[in-house]
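# Observations on the three-dimensional arrangement
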Amino acid sequence: MGTVVNAANKEEANRSLADLNPTVVFVLGGPGSGKGTQCANIVQHFGFTHLSAGDLLRAEIKSGSENGTMISNMIKEGKIVPSEVTIKLLQKAMLESGNDKFLIDGFPRNEENRSAFEAVTKVEPSFVLFFDCSEEEMERRLLSRNQGREDDNIETIRKRFKVFLESSLPVIEYYNSKGKVRKIDAGRPVEEVYESVKAIFAPKDEKIDAGRPVEEVFELENEKAD
Ligand SMILES: Nc1ncnc2c1ncn2[C@@H]1O[C@H](COP(=O)(O)OP(=O)(O)O)[C@@H](O)[C@H]1O
Ligand SMILES: Nc1ccn([C@@H]2O[C@H](COP(=O)(O)OP(=O)(O)O)[C@@H](O)[C@H]2O)c(=O)n1
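Residues numbered from 1 in each chain as written. Chains lettered and ligands numbered in written order. Predicted model: local features only at pLDDT ≥ 70, side-chain atom pairs only at ≥ 80, totals over all residues. Heavy atoms only, no water.

The protein chain has the name UMP-CMP kinase in an unreviewed UniProt entry, where Rosa chinensis is given as its organism. Per UniProt, the protein chain carries the Sequence similarities (unreviewed entry) text "Belongs to the adenylate kinase family. UMP-CMP kinase subfamily." Recorded under Subunit (unreviewed entry), the UniProt text for the protein chain is reproduced unchanged: "Monomer." (UniProt positions renumbered as here; feature names shortened; annotations may be inferred.)

What follows is the structure, encoded as C-alpha cells:
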C-alpha cells in the first residue's frame, strides 16, 4: 500500500514540475570554487531561487530522516549520494518555492545525477554556469571556510577533488558539447567574479535600468547564446 501511495506522490511531483516549466541554471565547479557565494549575489539581482544540493542534503541529515546516516557517511567520504535521494529533495524544494527560476548549485555532480534528473523531471537546463578554479586556490578557501563542515578537512577535500575530476567534469564536458557551458574564471576576488557572472545574466545592464523586464533580457541572451 505504502509503495502505491509513494508512486502516486512521485508521479504527482513529476507532473507538477513539468507543468511549472521552470527555468533552470545548473551551477557547477569544484568544491570551494565559490558557487554558493556567487549564487547569493545572483539571487539578489535576478530573482532566482538558489537551491544547493549539498545544503539540502545537510538539512535532511539534521531533520532526522531515515536516510540521514547514509547521507552523512557519504558526505564525510566525499562520495555522491544516490540520485533518487537528491532529486526528491530538489523537486520538493522547487515545488515549495513559489518561484519558477532556479539556480541549482552542486548538481548534477555525476552522469547518474544528470540522466536521472532529466528522465524524472523532463527539465533541461537553460545553461550551465561553470566556476573554473585551481585546486590550490580551492583548497585554501575550503580550509578557511569555517562553517564547521565535517568534510572541510584536508583528507576529505582531496577525495572531493578526485570525485570532481573523475565524475563531475565529464558532466560539464557533456553540456559543453551541447554549447551550454558559460565558463567563469573563479580564481579572482569575489567582486571581479561577479562582474563576469552579471554579464551572463544581464549583458546589457542599462536596458534593465530603462525598465525592461529581467526575464526579457535573460531570454534574449539565452537565444543568442544557443
Ligand atoms: N572569489 C573568492 N575569493 C576568495 N574567497 C572566496 C571567493 N569566493 C568564495 N570564497 C570563500 O571561499 C569559501 C568557499 O566558497 P563557497 O561559495 O562556499 O564555495 P562552493 O559553494 O563552491 O563550495 C567560502 O569561505 C567563501 O567565503
Ligand atoms: N549532487 C550532490 C551534491 C552534493 N553531494 C554531497 O555533498 C557534499 C558537499 O557538496 P556541496 O556542494 O555542499 O559542497 P562543495 O563540495 O561544492 O564545497 C559532496 O561532497 C557530496 O558528498 C552529493 O552527494 N550530491
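The first and last C-alpha atoms of helix H2 (residues 35–46) sit 16 Å apart over twelve residues, in line with the 16 Å expected at 1.5 Å per residue. Of all the residues in H2, the buried ones are Lys35, Gln38, Cys39, Ile42 and Phe46. Along the axis of H2, the buried positions cluster into a sector of 105°, meaning they face one direction only. (Helix = DSSP H or I, 4+ residues; strand = E, 2+ residues; numbered from the N terminus. Expected span 1.5 Å × (residues − 1). Buried < 20%, exposed > 50% of the residue type's maximum accessible area, 1.4 Å probe, protein only. Arc of directions from axis to C-beta.)

Once that is clear, we can look at the pairing of strand E3 (residues 101–105). Remember that side chains alternate between the two faces of the sheet whenever the strand is regular. For E3, the tally of buried residues reaches five of five residues, placing the bulk of the element in the interior. Burial along E3 is two-sided: Lys101, Leu103 and Asp105 and Phe102 and Ile104, pointing in opposite directions, are all buried. Pairing of strand E1 (residues 23–29) with E3 involves five bridges; the strand directions are parallel. Directly across from Val25, in E3, lies its bridge partner Leu103. Sheet topology places strand E2 (residues 49–52) next to E3; four bridges connect them, and they run parallel. Looking across to E3, one finds that Leu51 is bridged to Ile104. (Pairing = 2+ DSSP bridges.)

In this section: the site of ligand 2. Taken together, 21 residues form the shell around ligand 2, and within it Lys35, Arg58, Lys79, Val81 and Arg109 come nearest. Residue Arg58 places a side-chain N or O atom 2.9 Å away from an oxygen atom belonging to ligand 2. A distance of 3.2 Å separates a nitrogen atom of ligand 2 from a polar atom in the side chain of Asn113. About the coverage of ligand 2: the protein hides 97% of its 520 Å² of free accessible area. For the shell around ligand 2, the element with the most residues is helix H3 (residues 53–62), which contributes four residues. Looking at side-chain class alone, the shell around ligand 2 contains eight nonpolar, five polar and eight charged residues. (Near = heavy atom within 4 Å. Polar contact = N/O pair within 3.5 Å; in protein donor to acceptor, adjacent residues only side chain to side chain. Areas by Shrake-Rupley, 256 points an atom, 1.4 Å probe, with all protein chains shown as cover. Nonpolar A, V, L, I, M, F, W, Y, C, P; charged D, E, K, R; others polar.)

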